[in-house]
Amino acid sequence: MSEQAQINVMEQLVSLCKRRGFVYPASEIYGGLNGFWDYGPLGVLLKNNIRDSWWRSMVEVPPIGPDGHPVDMVGLDSAIIQNPKTWVASGHVGGFSDPMVDDRETKQRYRADHLVCAIAKVKRKNGDVQELGFLAVLDGDRAVNDFVKRADKLARKTGGGEIQPPERSELTLFTKLDPERQKQVWGPEATQAGTLTEPRAFNLMFQTYVGAIQDETSKAYLRPETAQGQFLNFKNIVDTTRVKIPFGVAQIGKSFRNEVTPRNFIFRSREFEQMEMEWFCHPDEARKWYDFWKEERMKWWKSLGVRDENLRFRDHDADELSHYSKMTVDIEYKYPFTAPDFGELEGIAHRGCYDLTQHQTHSGQKLDYFDQELQLKLKEQGASADEIKQKSRYIPNVIEPASGLTRAVLVVLCEAYRRDPNRQGSVEYLSIKPQFAPIKCGIFPLVNKEGMPEVSEKLYLDLRKHFTCEHDVKQSIGKRYARMDEIGTPFCVTIDGETMKDQTLTVRERDAMTQERVSLDKIKGYLLERLSAE
RNA sequence: GCGGGUGUAGCUCAGUGGUAGAGCGUCACGUUGCCAACGUGAAUGUCGAGGGUUCGACCCCCUUCACCCGCUCCA
């Protein structure tokens, strides 16, 4: 498909989502709000179906581990607002709440308090000392060296000469300069002066205040990820449940990030829903479990009905790893807006012992784990008392598969969207896997008379107890089929003249539009079976 | 955050400095015999928002917001 056609797919999908009640712009009557979306009547059904599938595959029926037994997994629903120290320990505050400056020319972003400046002075060949301007370099041991190099480069362009190195103490923090001076500074890589913005607070966390008094001491944050909830409750879970290493804690919930540029429909929004699992294991086994979850997670995405060719793994390079991660792989999807490229879908990170260690340090609470099984094993192996004591108590490593529920909704919609101008009835339809379809079955009388609506309503009253159904007696049968196709309803059953004679009805399948006669007393079982098909 | 584009009915989109339009969709009634059938009728818009110019602005100007595209960002 051409790039243009790909873009159109997104436009058509967004339009369908609005028209049929999947996704609306949030607070639309007030002009909307950048980065926020509401899930409509069908959207919330779809989202819940995907959410339930994840929860079931993680918590209720977790996968079989390498030892042939189901892995140990528990669920959690932690608070969105936690003690703000949480985010200091996690590394989300600190580096990211400091003022930043952008270089408009080079597009580089610097921490304002990491830039040091001084006036570059050059002694020309004729002995004159000239000022070249305020130069900024990154602070550090090499700051003076860097400054001289930078000044020298500049001096050459303007006739050369000998740079007069500044004293270390002459280097002034960018943040200490008055705003007028800041405007005259040359950025570390800029080819002209005055391309740096004024320092701006740059923190992707939403802030709020707990309690009625709004001051520094009451400041709190909306969580930028659910994962910290698992770490905060690690001790609670170990103490109050019977889980043993290795085990996982799974959580689904909203997270908030004040993204610089929300973009691409619900792909990057400021309020979103995450599905994260923290797998706690012995450091020696972390790599094994990393590989295990990598495969398991890919299987789950495929179970949503996503085609193989639209999914792939991508290992992170060392230089793009997060501050906490030793190893990360992304599961990527070929979105219509990234195609032919792929875009991020889920990250599986080897976080080492970073998080628990951080929280242990900041909270002063012990967050290590006493491994009784390992202790016994070491004893059997004849290890020394010291070795046993030292080895059987450790801070677990963590493998984290983290995915976006709202992103999963987008993927299922992209994957299901079909447009076929030659199709009879609905040109557009959603080929959603039955398990995830918002409405499972449409129930219609062929015509709204001769006892048919009475029979269809009776059937509806029975079937709706088992799965989501819609009963519709109005308008032509073709129109009712088309409407169901457009929202991805996999089956429609129709009561016709024959039903009145022989108690059979037709079942119409969405994708192939084929029809089959099934007897009225078998229809429930028939549908339940086809709806649960893998 | 920077640059470009768009904004008119639920959706897709025409339109003119002088009282707002189409197709589709929605609803009602009639009709109906398996794929958006047909007939009749109906509802719906502060023309994204705010300000300005003008006798008069959906149209021209300014500001702002939202969406799309390209950079940037995405711990």
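Residues numbered from 1 in each chain as written. Chains lettered and ligands numbered in written order. Predicted model: local features only at pLDDT ≥ 70, side-chain atom pairs only at ≥ 80, totals over all residues. Heavy atoms only, no water.

Draft legend 1. How the structure looks around the overall build of chain A. In terms of regular secondary structure, chain A is built from 16 helices and 27 strands. Dimensions along the principal axes, computed over C-alpha positions, put chain A at roughly 110 × 65 × 50 Å. Out of the 534 residues belonging to chain A, those deemed buried represent 49%. Within chain A, residue pairs in contact and separated by at least 24 positions form 64% of the contacts whose partners lie at least 6 positions apart. Within the structure as shown, chain A displays about 26,800 Å² of accessible surface, and the carbon and sulfur contribution to it stands at 48%. (Helix = DSSP H or I, 4+ residues; strand = E, 2+ residues; numbered from the N terminus. Buried < 20%, exposed > 50% of the residue type's maximum accessible area, 1.4 Å probe, protein only. Contact = heavy atoms within 4.5 Å. Areas by Shrake-Rupley, 256 points an atom, 1.4 Å probe, with all protein chains shown as cover.)

Draft legend 2. Layout of the sheet that holds strand β27 (residues 515-519). Taken together, the 5 strands give an open sheet; going across it, the order is β24-β23-β25-β26-β27, and neighbouring strands pair in mixed fashion. Every other strand in the sheet has two partners, leaving β24 (469-471) and β27 as the edge strands with one partner each. The mean angle between the axes of side-by-side strands here comes to 25°, regardless of whether they run parallel or antiparallel. As paired strands, strand β26 (residues 504-509) and β27 are joined by 5 bridges and run antiparallel to one another. Opposite Thr-506, over in β27, you have Arg-517 as the bridge partner. Of the strands in this sheet, β23 (441-445), β24, β25 (491-495), β26 and β27 touch helix α14 (residues 477-486), which is tilted by about 170° from β23. (Pairing = 2+ DSSP bridges. Axes fitted to C-alpha atoms, helices over the stretch in contact; angles between N-to-C directions.)

Draft legend 3. Looking closely at the domain arrangement of chain A. Its domain assignment divides chain A into domain 1 (3-80 + 223-353 + 397-414), domain 2 (98-202), domain 3 (362-395) and domain 4 (424-531). Each of domain 2 and domain 3 has a C-alpha centre, and these two points are 53 Å apart. (Domains from an automatic or database assignment.)

Draft legend 4. Structural detail: the pairing of β23. In terms of burial, β23 is a largely internal element, 5 of the 5 residues being buried. Residues Cys-441, Ile-443 and Pro-445 of β23 are buried on one face, and the alternating residues Gly-442 and Phe-444, pointing to the opposite face, are buried as well. Relative to β24, β23 runs parallel, the two being bridged by 3 bridges. In the strand pairing of β24, Ile-443 is matched with His-471.

Draft legend 5. Seen up close, the side chain of Lys-47. Relative to the helices and strands, Lys-47 resides in helix α2 (residues 41-60). We classify Lys-47 as buried; its relative accessible area is 9%. Apart from residues lying up to four places away in sequence, Lys-47 is in contact with Tyr-39, Glu-273, Leu-405, Thr-406 and Val-409.

Draft legend 6. Representation of the pattern of salt bridges. Summed over the entire model, instances satisfying the criterion amount to 37 salt bridges. In this structure, Glu-273 engages Lys-47 in a salt bridge whose closest nitrogen and oxygen atoms are separated by 2.8 Å. One end of the pair, Glu-273, is in strand β14 (residues 271-281); the other, Lys-47, is in helix α2, and 226 residues separate them in sequence. Assigned by exposure class, Glu-273 and Lys-47 land together as buried. Notably, a salt bridge pairs Glu-344 with Arg-407, separated by 3.7 Å at the nearest N-O pair. Of this pair, Glu-344 sits in strand β17 (residues 343-352) while Arg-407 sits in helix α12 (residues 405-416), and the two are 63 residues apart along the sequence. Judged by relative accessible area, Glu-344 falls into the partly exposed class, the value being 39%. (Salt bridge = Lys/Arg side-chain N within 4 Å of Asp/Glu carboxyl O.)

Draft legend 7. Expanded view of the layout of surface pockets. There is about 540 Å³ of room inside the second largest pocket. As for the second largest pocket, its lining consists of 23 residues, of which Ile-245, Pro-246, Glu-285, Asp-371 and Glu-373 are closest to the centre. At the level of secondary structure, the elements contributing two or more residues to the lining of the second largest pocket comprise α8 (286-303) and α10 (372-380). Element by element, the count of residues in the lining of the second largest pocket is highest for α10, at 4 residues. (1 Å grid on protein atoms, 1.4 Å probe; cavity = no way out; pocket = protein on both sides within 12 Å on 5 of 7 lines; lining within 4 Å. Points joined across faces, edges and corners; volume = space filled by probe spheres on them.)

Draft legend 8. Examining unusual backbone geometry more closely. Pro-246 follows Ile-245 through a cis peptide bond whose omega is 0°. Relative to the elements of secondary structure, Pro-246 occurs in the loop between α7 (234-240) and β13 (247-256). Positive phi, close to 45°, is recorded for Ser-27, a residue that is not glycine. Of note, Ser-27 is situated in the loop between β1 (23-25) and β2 (37-39). When its relative accessible area of 35% is taken as the criterion, Ser-27 is described as partly exposed. Look at Gln-475: it is not a glycine, yet its phi comes out positive at around 65°. Its place among the elements puts Gln-475 in the loop between β24 and α14.

Draft legend 9. Fine view of the protein's contact with RNA strand B. Taken together, 51 residues lie around RNA strand B, and Arg-268, Glu-450, Ser-476, Arg-483 and Gln-515 are the ones closest in. Sugar and phosphate atoms represent 51% of those atoms of RNA strand B found within 4 Å of the protein. The side chain of Lys-18 places a nitrogen or oxygen atom 2.5 Å from a phosphate oxygen of RNA strand B. Residue Asp-496 places a side-chain N or O atom 2.7 Å away from a base nitrogen belonging to RNA strand B. Sort the elements by how many residues they give to the surface near RNA strand B and α14 lands first, with 7 residues. (Near = heavy atom within 4 Å. Polar contact = N/O pair within 3.5 Å; in protein donor to acceptor, adjacent residues only side chain to side chain.)

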